Amino acid sequence: MKKSYCPIDTFINTIKGKRKGTIILHLFQGDKRYSELVKLMPDISERMMTKQLKELETDGLITRTVFPEVPPRVEYSLTKLGHQIHPVLKGMYKGGLLFEESIAV
């Protein structure tokens, strides 16, 4: 996470990317395996999903837990910081609905 001139820019720069906000909203509902996230968002390639998950982990919004099983199982969950930004993302979701209503005409 890189600090910007304005905290709004810092926030936007951290969550911008292919479906990062959506990933966080799905993880707010509970821990998810990689395959579950892929199924929930079929419009994102696996390569891009992996990239976004790595960036979210690097920025401290999610954690990746690898279970020592065969085959290996990996789960993603929100960190405390990830949980704290949920209200902001929920507000953005509601704002998106308002914009969609205005352009649907």
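Everything numeric in this text was worked out from a predicted model, so none of it was measured. Per-chain numbering applies: the sequence of each chain, read as written, is numbered from 1 onward. Only residues with pLDDT of at least 70 are given local features in this predicted model, and only at 80 or more are side-chain atom pairs given and counted; all residues enter the totals for whole chains, interfaces and linings. Side-chain measures here rest on the full set of heavy atoms in the structure, leaving out hydrogens and waters.

Novice: Help me understand the pairing of strand β2 (residues 62-67) in this model?
Specialist: Regular strands place side chains that alternate from one sheet face to the opposite one. With 6 bridges connecting them, β2 and strand β3 (residues 73-78) associate as antiparallel partners. The partner of T65 across the bridge, within β3, is E75. Two strands form a pair only when DSSP identifies at least two bridges running between them. Helical segments are the DSSP runs of H or I of at least four residues, strand segments are the runs of E of at least two, and each set is numbered from the N terminus.

Novice: Sorry if this is basic, but what is going on with the environment of I44 here?
Specialist: Positionally, I44 belongs in the loop between α3 (34-40) and α4 (46-58). Working definition: with a 1.4 Å probe on protein chains only, accessible area under 20% of the residue-type maximum means buried, over 50% means exposed, and in between means partly exposed. Given the relative accessible area of 6%, I44 is considered buried. A sequence separation of 13 residues divides I44 from E57, and the C-alpha atoms of the two residues are 18 Å apart. Other than its neighbours up to four places away in sequence, I44 contacts K18, R19, M49 and Q52. What makes two residues a contact is simply this: any of their non-hydrogen atoms within 4.5 Å.

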